[in-house]
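What follows is each chain in one-letter form.
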Amino acid sequence: MKIKNFPPRRLHLVDVENLLGCARPTLSAATLCRERYERYAPVQDNDLVIVACNHGAATTIGYGWRGARVLLRSGHDGADMALLRVIADENVTARFEAVVLASGDGCFAETVAWLGSLGIE
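The shown structure was predicted, so the numbers you read here are calculated from the model rather than taken from an experiment. (Residues numbered from 1 in each chain as written. Predicted model: local features only at pLDDT ≥ 70, side-chain atom pairs only at ≥ 80, totals over all residues. Heavy atoms only, no water.)

Caption draft 1: View of the overall build of the protein chain. Counting its regular elements, the protein chain contains six helices and four strands. Listing every helix and strand of the protein chain by position from the N terminus yields β-α-α-β-α-β-α-α-β-α. For 121 residues, the compact-globule estimate of 2.2 N^0.38 gives 14 Å, and the C-alpha radius of gyration of the protein chain, at 14 Å, lies within 12% of that figure. With the C-alpha coordinates of the protein chain rotated into their principal frame, the extents come out at 40 × 30 × 20 Å. In the protein chain, which comprises 121 residues, the share counted as buried stands at 40%. For the protein chain, the share of sequence-separated contacts (at least 6 apart) that also reach a separation of at least 24 residues comes to 69%. Averaging the coordinates of the 13 positive side-chain charges in the protein chain and doing the same for the 14 negative ones gives two points 4 Å apart. (Helix = DSSP H or I, 4+ residues; strand = E, 2+ residues; numbered from the N terminus. Rg over C-alpha atoms; globule rule 2.2 N^0.38 Å. Buried < 20%, exposed > 50% of the residue type's maximum accessible area, 1.4 Å probe, protein only. Contact = heavy atoms within 4.5 Å. Lys, Arg positive; Asp, Glu negative; His and termini not counted. Charge placed at Lys NZ, Arg CZ, Asp CG, Glu CD.)

Caption draft 2: A look at the packing of aromatic side chains. Counted according to the given criterion, the structure contains one aromatic pair. Ring geometry for Tyr 37 versus Trp 65: centroids 5.7 Å apart, planes at 55°, classification tilted. Here Tyr 37 is found in helix α2 (residues 27–40), whereas its partner Trp 65 is found in the loop between α3 (58–64) and β3 (69–72), with 28 residues between them in sequence. (Phe/Tyr/Trp six-rings, centres within 6.5 Å; stacked < 30°, edge-to-face > 60°.)

Caption draft 3: Main features of the nonpolar core. Counting residues in hydrophobic clusters, the biggest one holds 17 residues, and the most contacted among them are Leu 11, Leu 13, Ile 50, Leu 71, Leu 83, Val 86 and Val 99. Of all the secondary-structure elements, those providing two or more residues to this core are β1 (10–15), β2 (48–53) and α4 (78–89). The biggest single contributor to this core is α4, with six residues. Other than its neighbours up to four places away in sequence, Leu 11 contacts Leu 48, Ile 50, Val 86, Val 92, Phe 96, Ala 98, Val 99 and Val 100. In terms of nonpolar packing, the next biggest core, distinct from the first, is built from 15 residues, Ala 30, Val 49, Ala 68 and Val 100 among them. (Core = buried A, V, L, I, M, F, W, Y, C linked by side-chain atoms within 4.5 Å.)

Caption draft 4: Representation of the state of the cysteines. For the structure shown, the criterion picks out zero disulfides. The closest cysteine sulfur to the non-disulfide-bonded Cys 33 is located on Cys 22, 9.3 Å from its own sulfur. Taking relative accessible area as the criterion, Cys 33 reaches 10% and is therefore assigned buried. Not part of a disulfide, Cys 53 finds its nearest cysteine sulfur in Cys 22, a span of 11 Å. In this structure Cys 53 comes out as buried when scored by relative accessible area, which is 0%. (Disulfide = S-S within 2.5 Å.)

Remember, this is a structural readout, not a statement about activity or role.
Okay, here's the thing in structure tokens:
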């Protein structure tokens, strides 16, 4: 069952390592990344922001992306897999009207197409 949210909620899924181009960013780089992200995809008060990174970047990303839920998963495509798990396991299609996915990885293409086919912007 689709829950109608008022105002509509968006889910922001951020593969932060992909946006930064590195696995161990500085705090200033992580903070600048968030500022630039929000310039292109403004975060509203009722939105949920989830960023994923490896365990070694947890503290830096946590401070640089204050208020966001930080998922940790190391290894090849770890952040990607953590974000895909959110979509698979957390009833995203019933809880959100839109999903903003920030990544350059092609592994999300099929999932994004599936969300779109269900009417998720």
